[in-house]
Amino acid sequence: MRKLPSNPVFTAIDKYDLLEAKKVGQEVASITGGIKLGKEFFTANGPQGILEVVGTDIPLFLDLKFHDIPNTVAGAVRSAAKAFQPNMLTIHAGGGPAMIRAAADASAEFAEARPWILAVTVLTSMDQDDLAATGVAGQTTDQVIRLAHLAQQNGADGVICSPLEISALRAECGPDFKLVVPGIRPAGSDHGDQKRVKTPVEALREGADYLVIGRPISNAADPAAAVTKIVQELA
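Parameters and conventions
- Residues numbered from 1 in each chain as written.
- Predicted model: local features only at pLDDT ≥ 70, side-chain atom pairs only at ≥ 80, totals over all residues.
- Heavy atoms only, no water.
- Helix = DSSP H or I, 4+ residues; strand = E, 2+ residues; numbered from the N terminus.
- Rg over C-alpha atoms; globule rule 2.2 N^0.38 Å.
- Buried < 20%, exposed > 50% of the residue type's maximum accessible area, 1.4 Å probe, protein only.
- Polar contact = N/O pair within 3.5 Å; in protein donor to acceptor, adjacent residues only side chain to side chain.
- Contact = heavy atoms within 4.5 Å.
- Phe/Tyr/Trp six-rings, centres within 6.5 Å; stacked < 30°, edge-to-face > 60°.
- Core = buried A, V, L, I, M, F, W, Y, C linked by side-chain atoms within 4.5 Å.
- Axes fitted to C-alpha atoms, helices over the stretch in contact; angles between N-to-C directions.
- Left-handed = near helix turned anticlockwise from the far one by under 90°.
- Nonpolar A, V, L, I, M, F, W, Y, C, P; charged D, E, K, R; others polar.
- Pairing = 2+ DSSP bridges.

Even after reading the chapter, I still don't get the overall build of the protein chain, so can you show me in this structure?
Each helix and strand counted, the protein chain has 10 helices and 8 strands in total. A globule of 235 residues ought to have a C-alpha radius of gyration of about 18 Å, and the protein chain, at 17 Å, matches this closely. Here the C-alpha coordinates of the protein chain stretch approximately 40 × 40 × 30 Å along the principal axes. Across the 235 residues that make up the protein chain, the buried fraction comes to 51%.

If you want it as structure tokens, here you go:
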């Protein structure tokens, strides 16, 4: 596995164009803690595109949100770990206990080079009304905690959660369970399609391990300046 950074900021490069993604990656590589690449980029550019952006040294959060039968997800985890040596991989907690366990067991095969398995709880673009539309009753935080417990009990290293659930999850799941948090928006920035957000300083103070920040950095006129400002505020 690539060395995990002490800098908690992972820059999400929300681009599908390879040249644009490489440009942002090069501009922020020495400032950000790591790079997050996801489905949009992977679908357009494949494994080679991932490696062109992050090389072999930059910490990598590979956000492909695997969600399938256990055997298929286990195979996908093995393939990703071999191809990219990512620090973190995502699965959907909604895939259930057997799928989560299969992903964790597949990751464990890589020993010290294994990626963290992070379970997505409730997407940060969803709120209580959205959950209700899918048949989930109750509060959003209750569903996040329920899925986090499921993930923890079946071997996941941590979860992806919104900033609004950090404190509750830290209390419920303990200090060693990893909380990687998107939905981070610097003060004054556009929330876009994110519904459950906080600032970087707020999220880190409440117990997040790593922050995932996308458009406020990758779409900025000067991405390096944008991430530098965030890192300085956190320091």
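Right, picking up where we left off after that structure.
Before we go on, may I ask you to explain the side chain of serine 107 in this structure?
Among the secondary structure elements, serine 107 is positioned in helix α4 (residues 97–108). Within the local environment of serine 107, its side chain forms a polar contact with the backbone oxygen of proline 115, the two atoms lying 2.6 Å apart. Excluding anything up to four places from it in sequence, serine 107 contacts Val77, Arg114, Pro115 and Ile117.

What is the right way to look at the packing of aromatic side chains in this model?
Taken as a whole and assessed by the stated rule, the structure comprises 4 aromatic pairs. Ring centres of phenylalanine 10 and tyrosine 210 lie 5.5 Å apart, and the angle between their planes is 90°; on these two criteria the pair is classed as edge-to-face. One end of the pair, phenylalanine 10, is in strand β1 (residues 9–12); the other, tyrosine 210, is in strand β8 (residues 210–213), with 200 residues separating them in the sequence. Grouping residues by exposure puts phenylalanine 10 and tyrosine 210 together as buried. Three or more aromatic residues joined by ring pairs form one cluster here, namely Phe10, Phe61, Trp116 and Tyr210.

Honestly, the nonpolar core in this entry has me stumped. Any pointers?
Taken as a class, soluble globular proteins show a tendency for nonpolar side chains to be buried jointly. Within the largest apolar cluster, 57 residues are counted, with the highest numbers of intra-cluster contacts made by Leu37, Ile91, Val159 and Leu169. Excluding residues within four positions of it along the chain, valine 159 makes contact with Leu118, Ala119, Thr121, Ala148, Ala151, Leu169, Phe177, Lys178, Leu179 and Val180. Of all hydrophobic cores here, the second largest spans 11 residues; its members include Ala12, Phe61, Val120 and Val180.

Before we go on, may I ask you to explain the packing of helix α6 (residues 140–153) against helix α7 (residues 166–173) in this structure?
Packed helix pairs are characterised by how far apart their axes lie and by the angle those axes make with each other. In contact at an axis separation of 10 Å, α6 and α7 are set at 40° when each is read in the N-to-C sense. Remark: the crossing between α6 and α7 carries right-handed chirality. In this structure, α6 contributes Thr141, Val144, Ile145, Ala148, His149 and Gln152 to the contact, and α7 contributes Ala168, Leu169, Glu172 and Cys173. Considered class by class, the residues forming the contact of α6 with α7 number 6 nonpolar, 3 polar and 1 charged.

Help me understand the sheet that holds strand β4 (residues 88–92), please; the structure alone is not making it clear to me.
By definition, the strands of a sheet pair up through backbone hydrogen bonds, in either a parallel or an antiparallel sense. Spatial ordering of the closed barrel is given by β1-β2-β3-β4-β5-β6-β7-β8, a layout of 8 strands whose pairing is parallel. The sheet shows a mean angle of 25° between the axes of neighbouring strands, direction not considered. Bridge count between strand β5 (residues 116–120) and strand β6 (residues 158–160): 3 bridges; the pairing is parallel. Considered in β6, the bridge of alanine 119 is made with valine 159.

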